[in-house]
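The primary structure of each chain is shown beneath.
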Amino acid sequence: MESPSESVRLWFASAIAAVVEKKYPGSGIDNAQVLNSISVPKKEFGDLSSSIAIRLSKIAKKSPREIASEISTALERTDLVKEVLEAGGYVNLMLDEQKYSKIVFDAVNTAGKKYGANHDGNGRTVLIEFPAVNPNKPWHIGHLRNALLGDSISRILDFCSYNVEREDYIDDLGLQIAEIVWGSRNLPQEPVNKKFDQWLGEQYVKVNRMMEERNAKAEISEVLKRMEEPGTLEAVAARDMSMKCVRAQYETAAAYGIYHDVMVWESDIVHAKLLDKALKIGIDSGALERPAQGKNAGCLVMNLDKAREFGKAFENPNEHEKVIVRSDGTATYVAKDMAFHMWKLGILDADFRYANLGMQANGVALYSTASKGEEMDFGRADIVVNIIGSAQKYPQLILKAMLSLAGYPKKAASIVHVAYGEVSVDSGSLSGRSGGWMGEEKAYTADVLLEEAQKKALEATEKSKKIDDSSKISSISQEIGKAAIKFEYLRVSPEKPVVFSWSSALNFEGNSGPYCMYSYARAGRILKKGGYSGMAKRQDSDLIYKSATRGQDFELVKLIGGAGEVVKKAAAGYTTSVIADYVIDLTSTFSRFYESMHVLGDESKEYRMELVHIYMTTLSNMLALLGIGTVDEM
RNA sequence: GGGCCCGUAGCUCAGCUUGGAUAGAGCAGCACCCUUCUAAGGUGAUGGUCGCGGGUUCAAAUCCCGUCGGGCCCGCCA
């Protein structure tokens, strides 16, 4: 499935390559180089441009202008070609606006909600993990970055025909949970008078203070140990409390329109004995060793010197071994992660059972690993995507190196770490331990952020007095609030560190979610006023293309024709910012179009309404990839 | 000591994978545009040593080397 822009680009490349082959045989310029030389120039130069003549000039010992003009003259002409001209050494292609418009309009109308999609994934399974927040506090604005990235990347991959499994990892056996189990026995009982994750997060801050006062380290490590034994009071309490917390966190997720397919619990990984199987593979393959002497004697370690081929990170003069299993026989985090990834990639068959936790608002059931329940076929993924903070790059590298050394280099290569910069606030850290997420005036939680955004949207919607129905105002405002937040998060590339500010997170103008939604609503209104009723079914419907010009309407047509290439780029780089960027380009081009050309004015009406229609389809498809919905009016 | 990331307009960012024509948006500020399809909008002007210094190249924000500033990682923590 090629997008219109891609087809034209490929055609242009092959046409140029044919001329080059004929005029300059043996030049060494191949098709890939020609394709690479093609770009979209400023509109005064045309619609597509190739710089190949500049490259050829040295080989051919002629000026770029001479070569470009030679290529322009000899280039094959088709119906689609209006003109091919040389300018400044470039070969510039100008498309026939009527013919190309028809191609784009047909492509959008044929594909509809699938316009921009492709089959690149070919049904391969992607297991994507996000946000893996510890189950002892509400999602804060940093966790939200993870969740929104994961959600949007999932949508993009799904659009590219991957079979996407959205997985969340729940660490119910971590130190933080042990601390809160300990706290529940030592703190005075307080009633749960608010959302459970919020309540638990606040308790956790109190627990931390008390732990320090009482010097409770030894007691807590005892709790942690007992938590790992199935059936103990501690294990049951940990799981129970974690589940309540995750349920509350998932209310937040649902409010943002974020859903998962399966939760994997650390306690179930332990019970399913994944670790033993994984370690056996590690030892048998020689990836894991037992040093007889040195500081790590008695441990099971990975030899970092053997991992040098996997990156400079392992050329560390200070560390030559990574401990995988401690001398007391307990497993480190890395060990568990290795086992888990062996499961994700289908290297280990786990005896996971799954409980159906019920239908979510998106119509998909949520499953959770459990001690008993159904058998399901989660895992066995072709590609594993982990949305994890940049701080964990090194552990992720170790994981991949270890899988390679254990004999699975291809599987290791199919693990993708989408690393994102941490979100911070002026006042400091968002840590759960210190309670930094609680803020001073307003808590930095995903819940509060959404509330604030929706409050602001409600004020703006009421103020504009465009809508009468109050329930409609409320539902529209909710969408707008969500959109504002999502767009602000997803428009920046993930590695960029972010210092959170309320004013920029709640941006409603310019490059923003609400601006895009406004553009959509505005377009819809034009069609409504114009009495648009679908592409003209008349025999002579092709006549509408006579109205196409090379003005702002064609700028919009070209941009719409390029949606598919944008999606491919986003999927290839696991990045959402290219979509956001494109959407801004699209909406502002649309604004220029309708400001400069009256849609319902004259005999061009049919054509222009159809253009507005395909614009709406494209915009809504692209916004959907960011998890942003559309509204009819605002 | 070693490694990774970030540095582009006053502010927030895109562009860097794969080098190409005068480096793009938004916000703020300036001047305009609501009797004409919704002003959450549009137009115009202003604003840039692409951190800095070298190198490669016909051509560098983009590639290479060095350097400065900021952040992160390198544990028998998770």
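Because the structure is predicted, anything quoted here is derived from the model rather than measured. Within each chain, residues carry numbers counting from 1 in the order of the written sequence. Lettering for chains starts from A, numbering for ligands starts from 1, and both go in the order in which the items are written. Residue-level local features of this predicted model are given only where pLDDT is at least 70; pairs of side-chain atoms are given and counted only at 80 or more, and the full residue set underlies all totals for whole chains, interfaces and linings. Excluding hydrogens and water, the side-chain values take into account all heavy atoms of the structure.

A. Layout of the pairing of strand 4 (residues 90-95). Using a 1.4 Å probe on the protein chains alone, a residue whose accessible area is under 20% of its type maximum counts as buried, one over 50% counts as exposed, and one in between counts as partly exposed. Numbered from the N terminus, helices here are DSSP runs of H or I no shorter than four residues, and strands are runs of E no shorter than two. Counting buried residues in strand 4 gives five out of six residues, a clear majority hidden from the surface. Direction of pairing for strand 2 (residues 48-50) relative to strand 4: antiparallel, over a ladder of three bridges. Across the sheet, the residue bridging to L48 is L93, located in strand 4. Taken together, the six bridges between strand 3 (residues 81-87) and strand 4 define a ladder with antiparallel strand orientation. The residue of strand 4 that forms the bridge with A87 is Y90. The antiparallel hairpin formed by strand 3 and strand 4 contains two residues in its connecting segment, where G88 sits at a positive phi of about 55 degrees. Pairing between two strands requires that DSSP report at least two bridges joining them.

B. Region of interest: the packing of aromatic side chains. When two rings of Phe, Tyr or Trp (its six-membered ring) have centres within 6.5 Å they constitute a pair, described as stacked for plane angles under 30 degrees, edge-to-face for angles over 60, and tilted for the intermediate range. Under the counting rule described, the total for this entry stands at 19 aromatic pairs. Ring geometry for F105 against Y607: centres 5.3 Å apart, planes inclined by 10 degrees, an arrangement best described as stacked. Note that F105 is positioned in helix 5 (residues 97-111) and Y607 in helix 23 (residues 605-625), a separation of 502 residues in sequence. Just as F105 is buried, Y607 falls in that class too.

C. Spatial organisation of the environment of F554. On the secondary structure map, F554 appears in helix 20 (residues 552-561). Here F554 falls in the buried class, since its relative accessible area comes to 0%. For the pair formed by F554 and D47, sequence separation is 507 residues and the distance between their alpha carbons is 9.9 Å. Ignoring anything within four residues of it in the chain, the contact list for F554 reads D47, L95, E97, Y100, S101 and T549. Should any heavy atoms of two residues lie within 4.5 Å, those residues are counted as being in contact.

D. View of the sheet that holds strand 12 (residues 365-370). Pairing is mixed in the open sheet, where seven strands are placed in the order 11-12-7-6-5-13-14. Strand pairing shows two members of the sheet lacking a second neighbour, strand 11 (353-359) and strand 14 (415-420), which therefore form its edges. Taking each pair of neighbouring strands and ignoring which way they run, the sheet shows an average axis angle of 25 degrees. Relative to strand 12, strand 7 (residues 262-265) runs parallel, the two sharing two bridges. Axis geometry follows a simple rule: fit a line to the C-alpha atoms, using only the stretch in contact for helices, then measure angles between N-to-C directions, giving values from 0 to 180 degrees.

E. Main features of the packing of helix 22 (residues 577-596) against helix 23. For the pair helix 22 and helix 23, the least separation of the axes is 10 Å and the interaxial angle reads 160 degrees. Here helix 22 is positioned roughly antiparallel relative to helix 23, judged by the angle of their axes. For helix 22 against helix 23, the interelement crossing comes out left-handed. Residues I579, Y582, V583, L586, T587, F590 and F593 of helix 22 pack against R608, L611, V612, Y615, T618, L619, M622, L623 and L625 of helix 23. Classification used: nonpolar for Ala, Val, Leu, Ile, Met, Phe, Trp, Tyr, Cys and Pro, charged for Asp, Glu, Lys and Arg, polar for all others including Gly. Residues belonging to the contact of helix 22 with helix 23 are distributed by class as follows: 13 nonpolar, two polar and one charged. In these notes the angle categories are as follows: under 35 degrees is roughly parallel, over 145 is roughly antiparallel, 65 to 115 is roughly perpendicular, and the rest is oblique. Take the far helix as your reference; a near helix turned counterclockwise from it by less than a right angle gives a left-handed crossing, and one turned clockwise gives a right-handed crossing.

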